[in-house]
Amino acid sequence: MPIQRKRVTADPSHAIASTPVGRLRRLRRSELPEDTIELARFLIGKVLVRDHRGNRTSGRIVETEAYPVGDAAGHAFIGLTAANHSLFRAKGHAYVYLIYGLSYMCNVAAERRGIGAGVLLRALEPLEGISVMQRRRGTTGLTELAKGPGRLATAMAIDRRCDGIDLCAAGPLWLGVDDERPAVRLSRSVRIGLTKEVDRLLRFYERGNVYVSGPRGLRR
DNA sequence: AGTGCGATTGACT
DNA sequence: GTCAATCGCACTA
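Quick summary incoming for the structure in this document. (Residues numbered from 1 in each chain as written. Chains lettered and ligands numbered in written order. Predicted model: local features only at pLDDT ≥ 70, side-chain atom pairs only at ≥ 80, totals over all residues. Heavy atoms only, no water.)

## Brief notes about the protein's contact with DNA strand C
In the neighbourhood of DNA strand C, the contacting residues comprise I78, T81, A83, Y100, G101 and L102. What you see for DNA strand C is that sugar and phosphate hold 50% of its atoms within 4 Å of the protein. Contact distances for DNA strand C include 2.7 Å between a phosphate oxygen and a side-chain N or O atom of T81. In the environment of DNA strand C, a base oxygen lies 3.4 Å from a nitrogen or oxygen atom belonging to the backbone of G101. (Near = heavy atom within 4 Å. Polar contact = N/O pair within 3.5 Å; in protein donor to acceptor, adjacent residues only side chain to side chain.)

## Notes on the layout of surface pockets
If you add up the space inside the largest pocket, you get close to 670 Å³. For the largest pocket, the lining is made up of 35 residues, of which Y67, A73, H75, Y97 and L194 are closest to its centre. Those elements that provide at least two residues to the lining of the largest pocket are β3 (55-67), β4 (94-99), β5 (103-109) and β6 (118-128). Sorting elements by how many residues they give to the lining of the largest pocket places β6 first, with four residues. For the lining of the largest pocket, a count of residues per class yields 21 nonpolar, ten polar and four charged. (1 Å grid on protein atoms, 1.4 Å probe; cavity = no way out; pocket = protein on both sides within 12 Å on 5 of 7 lines; lining within 4 Å. Points joined across faces, edges and corners; volume = space filled by probe spheres on them. Helix = DSSP H or I, 4+ residues; strand = E, 2+ residues; numbered from the N terminus. Nonpolar A, V, L, I, M, F, W, Y, C, P; charged D, E, K, R; others polar.)

## Observations regarding the side chain of R122
Examined against the element boundaries, R122 turns out to sit in strand β6. At 3.3 Å, the side chain of R122 forms a polar contact with the side chain of S213. Residues within four places of R122 in sequence aside, it is in contact with E63, T64, E65, A146, K147, G148, P149, L152, I192, R203 and S213. (Contact = heavy atoms within 4.5 Å.)

## With respect to the packing of aromatic side chains
Taken as a whole, this structure holds one aromatic pair when the rule is applied. Between the NZ or CZ atom of R26 and the centre of the ring of W174, over which it lies, the distance is 4.6 Å. When the ring centre of F42 is taken as reference, the NZ or CZ atom of K46 above it lies at 3.9 Å. (Phe/Tyr/Trp six-rings, centres within 6.5 Å; stacked < 30°, edge-to-face > 60°. Lys NZ or Arg CZ within 6 Å of the ring centre and 35° of its normal.)

## Topic: unusual backbone geometry
Both trends apply: most residues other than glycine have a negative phi, and most peptide bonds are in trans. For Y100, which is not a glycine, the phi torsion comes out positive at approximately 55 degrees. One can find Y100 in the loop between β4 and β5. By relative accessible area, Y100 is classed as exposed at 69%. The residue E197 is not glycine, and still its phi comes out positive at about 55 degrees. Positionally, E197 belongs in the loop between β8 (186-189) and β9 (203-206). What makes E197 partly exposed here is its relative accessible area of 28%. (Buried < 20%, exposed > 50% of the residue type's maximum accessible area, 1.4 Å probe, protein only.)

## Focus: the environment of A117
Secondary-structure assignment places A117 in the loop between β5 and β6. Exposure remark for A117: the relative accessible area of 1% places this residue in the buried category. Distance in space between the C-alpha atoms of A117 and H75 is 8.1 Å, their sequence separation being 42 residues. A117 has contacts with T36, Y67, P68, V69, A76, L87, V108, A109, A110 and E111, leaving out every residue within four places of it along the chain.

## Quick notes on the nonpolar core
Of all hydrophobic cores here, the largest spans 37 residues; its most connected members are L43, L48, L121, I158 and L175. The set of elements that each furnish at least two residues to this core consists of α2 (36-43), β3, β4, β5, β6, α3 (130-137), α4 (149-155) and β7 (173-178). Setting aside anything within four residues of it in sequence, one finds L43 in contact with I61, T64, V108, V119, L121 and L175. Ranked by size, the runner-up nonpolar core spans nine residues in total, among them A73, F88, Y95 and L120. (Core = buried A, V, L, I, M, F, W, Y, C linked by side-chain atoms within 4.5 Å.)

## Comments concerning the protein's contact with DNA strand B
Around DNA strand B sit 20 residues in total, of which Y97, N107, G150, R151 and L194 are the nearest. Considering the 4 Å shell around the protein, atoms of DNA strand B inside it are sugar or phosphate in 47% of instances. Within the contact set of DNA strand B, a phosphate oxygen lies 3.2 Å away from a side-chain nitrogen or oxygen of H75. Contact between DNA strand B and R122: a phosphate oxygen at 3.2 Å from a side-chain N or O atom of the residue. At the level of elements, β4, β5, β6 and α4 are the ones that each hand at least two residues to the surface near DNA strand B. A per-class count over the surface near DNA strand B returns eleven nonpolar, six polar and three charged.

See the structure below:
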């Protein structure tokens, strides 16, 4: 008779505490897929790192949305402006903007220089600097720390001053990868909160990850 | 110079 | 579940 193993209680805080921050290396720009949708998939499981005022915070990217070329919901759709020009930079640059007067959204520019497209980072699984994130967010919760794009920005102290940062360079905000970690199981869905292009399946997330945002039914 | 609105969040019924 | 807050920016005039 096989021994019935007792199921380990799903405790997010324990999961975080026991998650080793493995060997992290900076992503090179040449590693990033040029295609916006491929980039959105690629970024799941990669790590966003923030070095700010002597504090390091980082988290695994668990949810993204693609805003490809020609997408009427994308900020580049109206053409190049003072506000959105970072979207037209080479892949791997940050595009940060304020929405509804209160939430910053952090994007990764995609495609070649001169082409406007990007990937919205919608949620992180916190890794380093959890207490710092908790202070910035004003909560002791763990699953709510960076679940949702505005919360992600707050937890990582990302604001408009981060717009244009090269995420593939040594600096205050960059993208890393832990090559030791196993590949991610991806799911996709429609994008959240849009009034245009509502049917396109351009949201990607790690299947079953408790740090993924969105309504029930769009998390599994 | 004025208007409308948005890739959200948190508070509240 | 509903709903208001709050700001920068593109657009119109």
